[in-house]
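# Close look at the chain arrangement
Below are the chains, spelled out letter by letter.
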Protein chains: 2
Amino acid sequence: MSTISTIYDVSRLSGVSTATVSRAFSNPDQVRESTRRKVYEAAEMLHYSPNAIARAMALQRTDKIAYLICKKGATILDEFYAGICDGIMRTANRSDFQLLVSTEEDWPLTVSTAQSKQIEGVILGGNAQPSLVSELQDQHVAVVLVNNRIAGFDLPCVVADEASGVRQAVELLIGRGHRRIAMLAGRVTPYVIGERYRAFLECMKEHGLQVGPADVKMCDANVDGATEAATELLSRPDRPTAVFCANDVVAAGTFKAARRLGLHLPEDLAVVGFDDSSVCSMLEPELTSVNINTRRMGELCVERLTALLEGEKQVPRLTVVPTELIIRRSV
Amino acid sequence: MSTISTIYDVSRLSGVSTATVSRAFSNPDQVRESTRRKVYEAAEMLHYSPNAIARAMALQRTDKIAYLICKKGATILDEFYAGICDGIMRTANRSDFQLLVSTEEDWPLTVSTAQSKQIEGVILGGNAQPSLVSELQDQHVAVVLVNNRIAGFDLPCVVADEASGVRQAVELLIGRGHRRIAMLAGRVTPYVIGERYRAFLECMKEHGLQVGPADVKMCDANVDGATEAATELLSRPDRPTAVFCANDVVAAGTFKAARRLGLHLPEDLAVVGFDDSSVCSMLEPELTSVNINTRRMGELCVERLTALLEGEKQVPRLTVVPTELIIRRSV
DNA sequence: GGTTTTTATGTAAGCGGTTACATATATTGT
DNA sequence: ACAATATATGTAACCGCTTACATAAAAACC
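Right, let's walk through the structure included here.

Bringing the relation of the copies chain B and chain A into the picture now. Laying chain B over chain A is done by rotating through 180 degrees and shifting 0.1 Å along the axis; what remains is an RMSD of 0.2 Å. Taken together, the turn and the small shift mark the pair as related by a two-fold rotation axis.

This is how it looks when you write it as structure tokens:
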């Protein structure tokens, strides 16, 4: 089986024309049962399988899409974006799409690369620049945004229900009797931090709770930044009894700060995270966090993209994936 | 700029033949300076960029490679395999390779899929089955193994220097005065666990330290499995004073078990992990762990694969990437 | 059974590049 | 200035598949 066989080989062996062989594979109902069998048999013998490149060439479509992670310093290592990637991959593989993955940094997706690699659609994860989006759209590359929204653009966005997640988390804290609740706002992406912050304020206000300027601290979305900020927050005389963290990494930093200050969790301090990443169960006590179904988000991205590519009208512009609070021992 | 331009358009606008245009792009030194400029100018005006599909068709090479994660239950979410993936992606993008990524589960790579998708080379991560390897090799698909070795196959493998990593970790513990050192062997992949276990025994023996059957505990490579196993291990009357963990997740489980048993880290128990994953700095105390340069491993995979595809003789069969112990406060 | 209609198959022209070979143009030597 | 050589460009076939159109075969009709 050393050489790869082509449609011509099958044609010759089965005694029909290449056109018929082609039809037997892509439009089986156009060829008579008996002929079809002959073709399949020959194909089987030759271990024939159609050449996707030649197919793409003839059909003028490549079924090739890309997932670009737009977040400074982020890689596929980012558990959140990896989760989305997983969902995209699964769905793409199932639908026979070819998926190229990259981060903005090591492969700045430009119109010309998209063009030359014949990419038909792009899923932009995170903080995509409007200029990139409009360039791509100008070139008729289908674009879907995930975990982000950009005002003034007409394209499908897939996001998590941040507001509901925040509400569930904050209301759990309130329900457990907490009144002085702080927020540790790690700088994830502008969109996400904005949503979570807004929802936090809104929810606190609804419950008649004060949020002073010192109750919300910004910090870098990594352990060190969070530990530092949390230390400040928890060193205040009227320190909060609960901290709502913008994500799990920040929560881990809060854990470290608390422990170093001699506080016991969850007795002295309740902590809630966001993302429900794998660290939640590695921490002690285990971290209560808001689960985001990233895989589902990825799947939906591909579905929306497919719909765009098929030229469907009425592709939903906004898809919101539910979030769910996972209660563990940190509260 | 709505329609995409082809080499014919450039040919017409610049007044030279398509052959020359083609050469101007792929073999610039074969065309005279002045002609080249005309061609580039026309291309610029038309926003021309060569069609990769057509190119692949003519050249009979696709520059398409795949990375397949072979580990039950594993996804791209696995930080270790994601790190490798990151390295692969960067290098692949730089060298103009197209990369398809998948896990064994949701896209069982078969010879026919490899064939029809025109995949020229495959990087198999983790526990690849020999049967898959030989099938692929039979079809002349280039194969590189990463984080694994299979006896009896002639192919490049890229692995970490497990033995050295283990030695550094264990010798650190011994250097700090520990004598009763246990190993918590999470079932990662057969190859990896085998290497780490063997190296552990060897190193202990060299230092004249006993390793009883109760001193090595197998467990699932997740937090719960590790917590359970660690609890048993640490409940013994003559409990070890240090635990060498097969990876960081297992170490996190050990942390939890220790804390629940009222042990203080690092005073009552020293813990060392493996992989130096992101959780290391999230734990309190921060986890000492063996760093594996996964990105480098990924890069090397692509380099080896490229070498195979270019038909180079003497592609190294074994590439060992150094490991480095990162000392933190858990010891 | 012969004509019309329907269905199955074949022929050949692309899809957008590359490249062997032929030809035209430039460079060199005397 | 002309032949010999080196270099630049053009012509056209090919990569493997699809599909419009033409033709052949089968089915349906009277």
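So that's the structure; there's more coming.
Quick look at the pattern of salt bridges now. As enumerated under the stated definition, the model contains 50 salt bridges over all chains in all. Between Glu 171 of chain A and Arg 167 of chain A there is a salt bridge, with its nearest N and O atoms 3.4 Å apart. Taken together, the residues span about one helical turn, with Glu 171 of chain A and Arg 167 of chain A both in helix α8 (residues 162-175) at a distance of four residues. For Arg 167 of chain A, a relative accessible area of 28% gives the class partly exposed. A cluster of three or more residues bridged by salt bridges with shared partners is formed by Lys 256 and Arg 260 of chain A together with Glu 284, Glu 286 and Arg 329 of chain B.

Looking now at the nonpolar core. Core analysis: the largest hydrophobic core is formed by 116 residues, its most contacted members being Tyr 67, Ile 123 and Phe 200 of chain A together with Tyr 67, Ile 123 and Phe 200 of chain B. Sequence-distant contacts of Tyr 67 of chain A, that is, excluding residues within four places in its chain, are made with Tyr 81, Ile 84, Cys 85, Ile 88, Leu 99, Leu 100, Val 101, Ser 102, Ile 123, Gly 125 and Val 146 of chain A. One finds Ala 226 and Val 243 of chain A together with Val 250 and Ala 257 of chain B within the second-largest nonpolar core, a separate group that totals 52 residues.

What follows is about the protein's contact with DNA strand C. Neighbouring residues of DNA strand C: 27 residues in total, closest Ser 17 and Thr 35 of chain A together with Ile 7, Ser 22 and Arg 55 of chain B. Across the atoms of DNA strand C situated within 4 Å of the protein, the share located in sugar and phosphate is 61%. Contact between DNA strand C and Arg 32 of chain A: a phosphate oxygen at 3.0 Å from a main-chain N or O atom of the residue. Separating a phosphate oxygen of DNA strand C from a backbone N or O atom of Ile 7 of chain B is a distance of 2.6 Å. Taken together, the elements giving at least two residues each to the surface near DNA strand C come down to α2 (18-26) and α4 (52-59) of chain A together with α1 (7-14), α2 (18-26) and α4 (52-59) of chain B. No other element matches α4 of chain B, which puts five residues into the surface near DNA strand C. Each residue belonging to the surface near DNA strand C can be placed in one class, and the counts come to 13 nonpolar, nine polar and five charged.

This part takes up the state of the cysteines. By the definition in use, this model includes zero disulfides over all chains. Free cysteine Cys 203 of chain A: the closest other cysteine sulfur is in Cys 245 of chain A, separated by 16 Å. You can call Cys 203 of chain A buried: its relative accessible area is 1%. Take Cys 301 of chain B: it sits in no disulfide, and the sulfur closest to it among the cysteines is that of Cys 157 of chain B, at 9.6 Å. Given the relative accessible area of 0%, Cys 301 of chain B is considered buried.

Our focus in this paragraph is the pairing of strand β6 (residues 181-187) of chain A. Residues and elements named next belong to chain A. For β6, the buried fraction is high: six of the seven residues fall into the buried class. Examined bridge by bridge, β6 and strand β8 (residues 242-245) share four bridges and lie parallel to one another. Bridging across to β8, Met 183 finds its partner in Phe 244. Both β6 and strand β7 (residues 216-220) contribute to a ladder of five bridges, which runs parallel. Paired with Gly 186 across the bridge in β7 is Cys 219.

We now examine the packing of aromatic side chains. Residues and elements named next belong to chain A. One pass over the full model with this rule turns up ten aromatic pairs over all chains. Centroid distance Phe 244 to Phe 274: 6.2 Å. Interplanar angle 70 degrees. Geometry classified as edge-to-face. In this pair, Phe 244 sits in strand β8 while Phe 274 sits in strand β9 (residues 270-275), placing the two residues 30 residues apart along the sequence. The burial state of Phe 244 is the same as that of Phe 274; both residues are buried. Each residue in the set Phe 25, Tyr 40 and Tyr 48 is aromatic and connected to the rest through ring pairs, giving one cluster.

Let us now look at the packing of helix α8 (residues 162-175) of chain B against helix α9 (residues 190-206) of chain B. Residue and element names in this part refer to chain B. Close contact between α8 and α9 brings their axes to 9 Å; oriented N to C, the two are set at 45 degrees. Comparing the axis directions of α8 and α9 gives the class oblique. α9 is crossed by α8, and the crossing has right-handed handedness. Counted together, Glu 162, Ala 163, Val 166, Arg 167, Val 170 and Glu 171 of α8 and Val 192, Glu 195, Arg 196, Ala 199, Phe 200, Glu 202, Cys 203, Met 204 and Glu 206 of α9 form the full contact between these two elements. Across the contact of α8 with α9, the residue classes tally to eight nonpolar, no polar and seven charged.

With that settled, the discussion passes to the packing of helix α5 (residues 79-94) of chain A against helix α12 (residues 294-309) of chain A. Residues and elements named next belong to chain A. The geometry of α5 relative to α12 is characterised by a closest axis approach of 7 Å and an angle of 45 degrees between their N-to-C directions. The angle between α5 and α12 places the two elements in the oblique class. In the packing of α5 onto α12, the handedness of the crossing is right-handed. Along the contact surface, α5 presents Phe 80, Gly 83, Ile 84, Asp 86, Gly 87, Ile 88, Arg 90, Thr 91 and Ala 92, while α12 presents Thr 294, Arg 295, Gly 298, Glu 299 and Val 302. Here the residues of the contact of α5 with α12 sort into five nonpolar, five polar and four charged.

Basis of the calculations
Residues numbered from 1 in each chain as written. Chains lettered and ligands numbered in written order. Predicted model: local features only at pLDDT ≥ 70, side-chain atom pairs only at ≥ 80, totals over all residues. Heavy atoms only, no water. Least-squares fit on C-alpha atoms with pLDDT ≥ 70 in both. Salt bridge = Lys/Arg side-chain N within 4 Å of Asp/Glu carboxyl O. Helix = DSSP H or I, 4+ residues; strand = E, 2+ residues; numbered from the N terminus. Buried < 20%, exposed > 50% of the residue type's maximum accessible area, 1.4 Å probe, protein only. Core = buried A, V, L, I, M, F, W, Y, C linked by side-chain atoms within 4.5 Å. Contact = heavy atoms within 4.5 Å. Near = heavy atom within 4 Å. Polar contact = N/O pair within 3.5 Å; in protein donor to acceptor, adjacent residues only side chain to side chain. Nonpolar A, V, L, I, M, F, W, Y, C, P; charged D, E, K, R; others polar. Disulfide = S-S within 2.5 Å. Pairing = 2+ DSSP bridges. Phe/Tyr/Trp six-rings, centres within 6.5 Å; stacked < 30°, edge-to-face > 60°. Axes fitted to C-alpha atoms, helices over the stretch in contact; angles between N-to-C directions. Parallel < 35°, antiparallel > 145°, perpendicular 65-115°, else oblique. Left-handed = near helix turned anticlockwise from the far one by under 90°.

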